[in-house]
Each structure stands twice: as structure tokens, then as C-alpha cells.
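For reference, the chains in residue letters:
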Amino acid sequence: MSGREKPRTGDADLDALHAEEVFSDTDTRIAVAGHPIHAMLVAFPIALTVCTFGADLFYWWTGDPFWARVALWAIGAGFLMGLLAGLTGTVELLLVPGIRSRPPSWTHFVIAMSLLSMLGANFGLRLGGYEAAVLPFGILLSALCVGFTGLTGWHGGKLVFDYRLGTGGTAS
Ligand code: HEM
């Protein structure tokens, strides 16, 4: 190969990921009848984070303490379900050689851990007084959480649909 040629991915002589049989094992381990539990759980933090932002907006609009209480419960449940989703994702990441050996899995881990810290901060902020916490910091934090939830979910989708991780398909 001349110095100008690019290595071909998928070539076992050049790409360690393809040279070792064990790295093509990307099948889910934390699953019910082959369906990854992580994929089932992530819907909860995603939906609850959006609900928190919605409730914050309604509180800002109406001033009704009911919405501040809704936001407190939504972010509390979203944080808890996010921790559970993160736990199943992390076990999958550490247990499956084909998942832990691919850098995008670790990128997803870092983005997701950042999101979980923001969800925790958003919940913690409200524990000291859920109504006073909404404006301005609660709602700003909720907007940031919604953005990061989108980023985390989109990147998780890339792991499944682009890299075929956790699917039992052939990883790229
Ligand atoms: C904190 C550690 C996390 C790790 C290590 C992790 C790891 C993974 C892995 C390995 C996959 C591939 C599918 C599978 O094997 O189940 C995945 C998919 C995904 N993750 Fe995570 N994840 C984490 C947290 C999160 C969180 C907090 C969210 C969302 C709020 C999230 C959203 C997604 C989504 C949407 C998918 C695609 C699911 C599908 O369409 O089937 N992840 N994640």
C-alpha cells in the first residue's frame, strides 16, 4: 500500500475491531425476549423532561402553583427513570465486547451522564421550594435538559440504527 492510500474499514489486517471475532459481538444482554430494556426505559426520562419544561412554561404563563408541583414530580420521576435507564445502558456497555470497544458508545455514555447530572440538579433545585425555583433558574435548566435529552436520544439512535449496536445485527 502506498503512503497515500487510506486503510479500508472492515479489513481484518488493518482494523483491530474486525480482526478479533469477539468485537463483532454487539448483541444486547439486558433484555426481555431479545428486546433491550434500555430502549424501553429511555422513553420515560425523555417524555418526563419535556413535561417538566411544559409545566414550567404553564407556571410562568398562569402563576398557578399546581404547575410548579407538576414540574417537581415530573423532574423527580424523570431523574429516577433516567438513572434506571443509565444503569441498564452502563451494564450493557461494560458487558458486551462489541459495544464497549466502539468509541461512539463512550460518547453516548459521556453525553448521557452530563444529562443525568443536569436532571439531578434540576430536581435538587426544586427541593428547597418548588415554586420559587421555577423562575428563572428552574425553567432555564429545564430548557437545557430538553436540549441535552434530544442530543442523548439522537445519539442513542445512531448507536442502534447506524452502528447496529444492541441489535444482534452486524456492527459497522
Ligand atoms: C448513562 C449511561 C448510558 C449508557 C452507557 C447508554 C448506552 C446505550 C447503548 C449501549 C445503546 C445501544 C442499544 C442497547 O444496547 O441497549 C443505547 C441506546 C440508546 N440510548 Fe442510551 N445509554 C445511557 C443513557 C441514556 C439516557 C439517559 C438516554 C435518554 C435520555 C439514552 C437514550 C438512548 C436511546 C434513545 C437509544 C436508542 C434506543 C433504540 O432506539 O433502540 N441513553 N444506549
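Everything quoted here is computed from the prediction, not taken from an experiment.

A. Spotlight on the site of the ligand. Neighbouring residues of the ligand: 31 residues in total, closest Gly86, Gly89, Ala112, Gly156 and Gly166. Of all the secondary structure elements, the ones that give two or more residues to the shell around the ligand are helix H2 (37-41), helix H3 (43-62), helix H4 (65-95), helix H6 (103-127) and helix H7 (134-161). A breakdown of the residues in the shell around the ligand according to their chemical character gives 16 nonpolar, 14 polar and 1 charged.

B. Quick peek at the UniProt feature "transmembrane region" (unreviewed entry) in the chain. According to UniProt, the positions carrying the feature "transmembrane region" (unreviewed entry) are residues 39-61, 73-96, 108-127 and 133-154. Secondary structure across residues 39-61 divides into 96% helix and 0% strand, with the first and last C-alpha atoms of the span separated by 34 Å. Its end C-alpha atoms 29 Å apart, residues 133-154 is made of 95% helix and 0% strand.

C. Representation of the packing of H3 against H7. Between H3 and H7, whose axes approach to 9 Å, the crossing angle comes to 150°. By the angle between their directions, the pair H3 and H7 is classed as roughly antiparallel. Handedness of the crossing formed by H3 with H7: left-handed. Taking contact as the criterion, the partners of Pro45, Ile46, Thr49, Val50, Thr52, Phe53, Asp56, Tyr59 and Trp60 in H3 are, on H7, Val134, Leu135, Gly138, Ile139, Ser142, Ala143, Cys145, Val146, Thr149 and Gly153. Tallied by class, residues from the contact of H3 with H7 come to 12 nonpolar, 6 polar and 1 charged.

D. The arrangement of unusual backbone geometry in detail. The peptide bond linking Leu135 to Pro136 adopts the cis configuration, its omega dihedral lying at 5°. Tracing the chain through its elements places Pro136 in helix H7. You will see that Ala33, though not glycine, has its phi angle at about 50°, which is positive. Relative to the assigned elements, Ala33 resides in the loop between strand E1 (31-32) and strand E2 (35-36). Even without a glycine there, the phi angle at Arg164 is positive, about 60°. Inspection of the secondary structure assignment puts Arg164 in the segment after H7.

What counts and what doesn't
For every chain, the first residue of its written sequence is number 1, and the numbers climb from 1 along that sequence. Where totals are concerned, whole chains, interfaces and linings use all residues; where local detail is concerned, this predicted model gives features only for residues with pLDDT of at least 70, and gives and counts side-chain atom pairs only at 80 or more. Nearness between a residue and a molecule or strand is assessed with a C-beta atom placed from the backbone; a distance within 6 Å qualifies. To qualify as a helix, a DSSP run of H or I must reach at least 4 residues; to qualify as a strand, a run of E must reach at least 2; elements of each kind are numbered from the N terminus. Polar here means any residue outside two lists: the nonpolar Ala, Val, Leu, Ile, Met, Phe, Trp, Tyr, Cys and Pro, and the charged Asp, Glu, Lys and Arg; Gly therefore counts as polar. UniProt positions are given in the numbering used here, feature names are shortened, and annotations may be inferred rather than shown by experiment. To get an axis, a line is fitted to the C-alpha atoms, and for a helix only the part in contact is used. The angle between two axes follows their N-to-C directions and goes from 0 to 180 degrees. Should an angle lie under 35 degrees it is considered roughly parallel, over 145 roughly antiparallel, and from 65 to 115 roughly perpendicular; all remaining angles are considered oblique. Handedness of each helix crossing follows the sense of rotation of the near helix against the far helix: counterclockwise by less than a right angle gives left-handed, clockwise gives right-handed. Note that contacts rest on C-beta atoms placed from the backbone: two residues are in contact if these are within 7 Å.

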